[in-house]
Amino acid sequence: MTHTLIRKSVRRAGVVLMLAAGLGACTMTTGNAPSEGIGYRQARLAEMSAMQAWRDCRDEAMALDREATASGDGARYLASARAFERCETDLGPEARHLATAERMRAYATAIQNHLKGGDVGAAREGLGRFTQTFSGQDLYLSDGASFVETVALLVGETDRQSIGEFSTANVPAPLKSELRRVRYWERN
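Residues numbered from 1 in each chain as written. Predicted model: local features only at pLDDT ≥ 70, side-chain atom pairs only at ≥ 80, totals over all residues. Heavy atoms only, no water.

Colleague: Is there a simple way to explain the overall build of the protein chain in this structure?
Modeller: Secondary structure summary: the protein chain contains 8 helices and 0 strands in total. Its helices and strands taken in sequence order, the protein chain reads α-α-α-α-α-α-α-α from the N to the C terminus. For the protein chain, the residues scored as buried account for 31% of the 188 residues in total. Long-range contacts, defined as pairs at least 24 residues apart, comprise 52% of the intrachain contacts of the protein chain with a sequence gap of at least 6. Entry remark: accessible area of the protein chain is about 12000 Å², with carbon and sulfur atoms responsible for 58%. (Helix = DSSP H or I, 4+ residues; strand = E, 2+ residues; numbered from the N terminus. Buried < 20%, exposed > 50% of the residue type's maximum accessible area, 1.4 Å probe, protein only. Contact = heavy atoms within 4.5 Å. Areas by Shrake-Rupley, 256 points an atom, 1.4 Å probe, with all protein chains shown as cover.)

Rendered as structure tokens:
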């Protein structure tokens, strides 16, 4: 009987020593990780909050866009464009690298709405901010045409007098045809 008591005591002591060593090793290897983990979580929470605020703003701007489309009113298109731009402006630096494609589509809608509302100057400025913010990136229209090149042509950033420009520009064929027609009637 004493032999079994000694064996149980040794096992208990062994288990306690293994737990203590295991817990001690965990504490020693983590170092400052608990504070880094909290900082990471706080940064991640700030990113998620900023993106949620941006998405809420975008949804409001989309509602204005739907109203403008239904009414065809230029003033509503301009209000929608300003709302989309405000969403991007209000986005904090903690979320500037998130949801790039989503943000590009929203900003492209703002530029289009400036054009639909008749404010070509604001569309030109918006295109400049778009290319600066999303440097080297582009959206493609359903027919494969480049959004940036198409808008650049529409707002006068591209020289319309160059015949070769229409041939090499990645813009929709109906737009090329219309610009050629306009140029023909300006000359004749």
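Colleague: Is there a simple way to think about unusual backbone geometry in this case?
Modeller: Most peptide bonds are trans, and most residues other than glycine sit at a negative phi. Unusually for a residue other than glycine, Ala99 sits at a positive phi of about 45°. Relative to the assigned elements, Ala99 resides in the loop between helix H3 (74-90) and helix H4 (100-117).

Colleague: For this particular structure, what's the right way to read the pattern of salt bridges?
Modeller: Oppositely charged side chains can pair when the atoms bearing their charge come close. Tallied over the full model, the rule gives 8 salt bridges. Close ionic contact of Glu102 with Arg55 constitutes a salt bridge, the shortest N to O distance being 2.8 Å. In this pair, Glu102 sits in helix H4 while Arg55 sits in helix H2 (residues 33-71), placing the two residues 47 residues apart along the sequence. Classification of Arg55 by relative accessible area gives partly exposed; the value is 29%. Through salt bridges with shared partners, a single ionic network connects Arg55, Arg58, Asp59 and Glu102. (Salt bridge = Lys/Arg side-chain N within 4 Å of Asp/Glu carboxyl O.)

Colleague: Teacher, can you tell me more about the packing of aromatic side chains here?
Modeller: For any pair of aromatic rings, the description rests on two quantities: the centre-to-centre distance and the angle between the ring planes. Inspection of every chain in the model, using the stated rule, returns 3 aromatic pairs. Members of the aromatic cluster, each reached through a chain of ring pairs, are Tyr107, Phe130, Phe134 and Phe147. (Phe/Tyr/Trp six-rings, centres within 6.5 Å; stacked < 30°, edge-to-face > 60°.)

Colleague: When you look at the side chain of Asp65 in this model, what are you seeing that I'm missing?
Modeller: Mapped onto the secondary structure, Asp65 falls in helix H2. Notably, Asp65 is buried but unbridged: the nearest opposite-charge side chain belongs to Lys116, and the N-O separation is 5.3 Å. Ignoring sequence-local partners within four residues, the contact set of Asp65 consists of Tyr77, Ser80, Phe84, Thr109 and Asn113. (Lys, Arg positive; Asp, Glu negative; His and termini not counted.)

Colleague: I would appreciate a short explanation of the packing of helix H5 (residues 120-133) against helix H6 (residues 147-154) in the present structure.
Modeller: Geometry of a packed helix pair, given as the angle between the helix axes and the separation of the axes. Between H5 and H6, the least distance of the axes is 10 Å, while the angle of their chain directions is 155°. As far as their axial angle goes, H6 and H5 are roughly antiparallel. Viewed along their axes, H5 and H6 form a crossing whose handedness is left-handed. Residue-level inspection shows Leu127, Phe130 and Thr131 of H5 in contact with H6, the latter providing Phe147, Val148, Val151 and Ala152. (Axes fitted to C-alpha atoms, helices over the stretch in contact; angles between N-to-C directions. Parallel < 35°, antiparallel > 145°, perpendicular 65-115°, else oblique. Left-handed = near helix turned anticlockwise from the far one by under 90°.)

So far we have only geometry, and geometry alone does not tell us how the molecule works.
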